[in-house]
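Remarks on the overall topology
Given next are the chains, with one letter for each unit.
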Amino acid sequence: MSFCLWLTGLPGSGKSTILKELLRLLAASGIEPVVLSLDHIRKVVTPHPRYTDEERDIVYRFLAVTAELLVSEGNRDVIIDATGNRREFRDLARELIADFGEIYIECPLKTCEGREALRRGQPVEKDLYERARQGVLRGGMPGVSVPYEPPEHPDVVVRSDILSPEESAERMMAYVRSRWLQARAQGERAC
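This section reports on the structure supplied with the text. Here the residue numbering is sequential within each chain, running from 1 through the sequence in written order. It should be noted that, the model being predicted, local features are given only for residues of pLDDT at least 70 and side-chain atom pairs only at 80 or more, the latter also being counted only at that level, while totals for whole chains, interfaces and linings use all residues. In computing side-chain values, all of the structure's heavy atoms are included and hydrogens and water are not.

**Things to note about the side chain of Glu55**
- Helix and strand assignments come from DSSP, with helices taken as H or I runs of at least 4 residues and strands as E runs of at least 2, each series counted from the N terminus. As for its placement among the helices and strands, Glu55 is situated in helix H3 (residues 53-72).
- By relative accessible area, Glu55 is classed as buried at 5%.
- Every residue pair with non-hydrogen atoms within 4.5 Å of one another is taken to be in contact. If we skip the residues at most four places from it in the chain, Glu55 touches Arg42, Thr46, His48, Pro49 and Arg50. Each residue is assigned to one of three classes by its accessible area relative to the maximum for its type, calculated with a 1.4 Å probe on protein chains only: buried under 20%, partly exposed between the two thresholds, exposed over 50%.

**Here we look at helix H2 (residues 38-45)**
- Turning to H2, its buried residues number three or more, namely Leu38, Ile41 and Arg42. Mapping the buried residues of H2 onto a view down its axis gives an arc of 105°, with all of them on the same face. Turned more than 90 degrees away from the buried face of H2 sit His40 and Val44, all of them exposed.
- Where the residues of H2 are buried, they touch strand E2 (34-37), H3 and strand E3 (78-81). Our arc is simply the arc of the directions from the helix axis toward the C-beta atoms.

**Here's the deal with the nonpolar core**
- Residues Leu5, Leu22, Ile103 and Met172 are the most contacted members of the largest nonpolar core, which totals 22 residues.
- Among the elements of the structure, strand E1 (4-8), helix H1 (15-28), strand E4 (100-106), strand E5 (156-159) and helix H7 (165-190) are those that each provide at least two residues to this core.
- For this core, the element with the highest residue contribution is H7, accounting for seven residues.
- Every residue in contact with Leu22, bar those within four places of it in the chain, is listed here: Leu5, Ile79, Ala169, Met172 and Met173.
- The criterion is simple. A nonpolar core is a set of buried Ala, Val, Leu, Ile, Met, Phe, Trp, Tyr and Cys residues joined through side-chain atoms within 4.5 Å. Listed in part, the 20 residues of the second largest apolar core include Leu36, Ala64, Leu92 and Ala93.

**Some points on the environment of Ala174**
- Along the chain, Ala174 turns up in helix H7.
- On a C-alpha basis, the gap between Ala174 and Arg131 in space is 38 Å, while along the polypeptide they are 43 residues apart.

**Some remarks on the environment of Ala93**
- Mapping Ala93 onto the fold places it in helix H4 (residues 87-96).
- Exposure remark for Ala93: the relative accessible area of 0% places this residue in the buried category.
- Residues Ala93 and Thr66 lie 27 residues apart in sequence; the distance between their C-alpha atoms is 9.6 Å.
- If near-sequence neighbours (up to four positions away) are discounted, Ala93 is found in contact with Trp6, Ala64 and Phe100.

**A few points about the packing of aromatic side chains**
- Each Phe, Tyr or Trp ring (for Trp, its six-membered ring) is paired with any other whose centre lies within 6.5 Å, and the angle between the two planes then decides the class: stacked below 30 degrees, edge-to-face above 60, tilted in between. Under the definition given, this model contains five aromatic pairs.
- Centre to centre, the rings of Tyr104 and Tyr148 are 6.3 Å apart; their planes meet at 25°, and the pair counts as stacked. Here the residue Tyr104 occupies a position in strand E4, and Tyr148 occupies one in the loop between helix H6 (128-133) and E5, the gap between them amounting to 44 residues. By the burial criterion, Tyr104 is buried, and Tyr148 matches it.

Here you go:
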């Protein structure tokens with residue numbers, strides 16, 4: 001019973017930072033998921049991103065199908081680290097993957113903008129919010145010139161402006177334990 005988590009939230013909400021802490025907790029429980037990070041995948045799939053609706057549709061469908069293949073055919077746990085600005089992207093993953101959890105990293109736009117402006121040495125471009133406000137970012141920016149549709153019924157919500165990355169990861173890990181790890185432990189005892 002492999003699972004997939006999708007960490008969604010505005011750019012700069014803390015998804016990747018919290019993910020690092022979650023990976024540490026998962027490893028302590030013997031779980032080493034495949035991480036599908038849009039920031040890394042975009043460099044290959046769309047090396048010169050235009051951030052258009054069409055491009056987002058292709059990239060997010062690619063993420064959902066790849067995750068489904070890894071979970072169902074590869075028997076691997078997967079974590080998607082991607083904004084997924086439209087619900088339909090995340091809903092597609094939920095349709096394809098039986099053991100799916102949507103994690104909403106909630107954070108005020110102003111906080112996200114401040115964090116994003118401080119990025120250094122990361123695979124994602126920086127100053128995206130500023131460029132979107134100036135109207136020079138092709139395709140727009142979720143939360144500014146392109147809508148970000150927060151989950152209607154996320155499995156877990158963490159407020160990254162209130163909780164530390166460690167506290168956020170602990171909440172997510174509690175969800176993983178209750179939904180999947182207990183069932184895995186019971187299955188191992190039954191064998």
